[in-house]
Amino acid sequence: MANVREPILQPIPILSLRPTQMTVGMREVKEKRKRWREQKSKKKQAELLGKHMIPVVHGPDKRFYVIDHHHLARALHDEGVKDVLVTIVADLTMVDRDAFWVVLDDRKWVYPYDAKGERKRYRDIPKTVVDLKDDPFRSLAGELRRIGGFAKDTTPFSEFLWADLLRRRLPRKSVESDFEKALEKALALAKSKDAVYLPGWCGPASED
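In what follows, the accompanying structure is described.

The next subject is helix 6 (residues 158-169). For helix 6, built from 12 residues, the straight-helix expectation of 16 Å at 1.5 Å per residue is met to within 8% by its first-to-last C-alpha distance of 17 Å. Among all positions in helix 6, only Ser158, Glu159, Phe160, Trp162, Ala163, Leu165, Leu166 and Arg167 are buried. Looking at the packing, one finds that the buried side of helix 6 touches strand 2 (23-24), helix 1 (26-38), helix 5 (136-146) and helix 8 (179-190).

What follows is the structure in structure tokens.
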């Protein structure tokens, strides 16, 4: 079971990529679309694609399963980009088809939770990035990290873990109706001891 980190220089159709999560934060997708449009020339766009290759696992059905950069893939598709460059993180083509998702789960390469934070079956994971659903709490968690609410962390799906905390503390309607106010509340929560167990927590130093 090789971990190869092998870039594929031939562009891969975005719609052929299989997601390993169920949701994205659409506000974050929109922000990435904006950054893409800021690349005024084809050369700059090509450079951006080269610097942000999509990490994938090669599955037993010969398909490529995205294990990061779902937001970028969705943003590029929405901007009309047809193909992207990918880098193979692991070759799992030899794994039994029925065991494949279990192996991904064991390696923390799949996050089968819906926009309500409820775990679903692997078969419920969308087949393309177009079918990823919006989770406003994932957007809130992403923005919270950008303003310093917590630090970027290598823990898999760390921003989804923060989104789960926010989901349990803030009403979804409040996030959708007044994002900035919800962000203020999220920042206060992020700095509290209630969030100390989460990856990247950088709340106030202990007075002990």
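What follows is about the pattern of salt bridges. Counted under the stated rule, the structure contains 17 salt bridges. Residue Glu159 pairs with Arg138 through a salt bridge whose shortest N-O separation is 2.5 Å. Here Arg138 lies in helix 5 and Glu159 lies in helix 6, a separation of 21 residues in the sequence. The salt bridge partner of Glu143 is Arg146, with a shortest N-O separation of 3.3 Å. In this pair, Glu143 and Arg146 both sit in helix 5, three residues apart, roughly one turn of the helix. Residue Glu143 is classed as partly exposed on the basis of its relative accessible area, which comes to 24%. Overlapping salt bridges bring together Glu28, Arg138, Glu143, Arg145, Arg146 and Glu159 as one network.

Let us now look at the environment of Val175. Examined against the element boundaries, Val175 turns out to sit in helix 7 (residues 172-177). Given a relative accessible area of 2%, Val175 falls into the buried group. Beyond its immediate chain neighbours, meaning those up to four positions away, Val175 contacts Pro136, Phe137, Leu140 and Ala182.

Within strand 3 (residues 54-58), five of the five residues are buried, which leaves it mostly tucked inside the rest of the structure. With burial as the criterion, each face of strand 3 is covered, one bearing Ile54, Val56 and His58 and the other bearing Pro55 and Val57. Where strand 3 meets strand 5 (residues 83-91), five bridges bridge the pair, whose relative direction is parallel. Its bridge partner being in strand 5, Val57 is matched across the sheet by Ala90. With three bridges connecting them, strand 3 and strand 4 (residues 64-66) associate as antiparallel partners.

Reading the values: the criteria
- Residues numbered from 1 in each chain as written.
- Predicted model: local features only at pLDDT ≥ 70, side-chain atom pairs only at ≥ 80, totals over all residues.
- Heavy atoms only, no water.
- Helix = DSSP H or I, 4+ residues; strand = E, 2+ residues; numbered from the N terminus.
- Expected span 1.5 Å × (residues − 1).
- Buried < 20%, exposed > 50% of the residue type's maximum accessible area, 1.4 Å probe, protein only.
- Contact = heavy atoms within 4.5 Å.
- Salt bridge = Lys/Arg side-chain N within 4 Å of Asp/Glu carboxyl O.
- Pairing = 2+ DSSP bridges.

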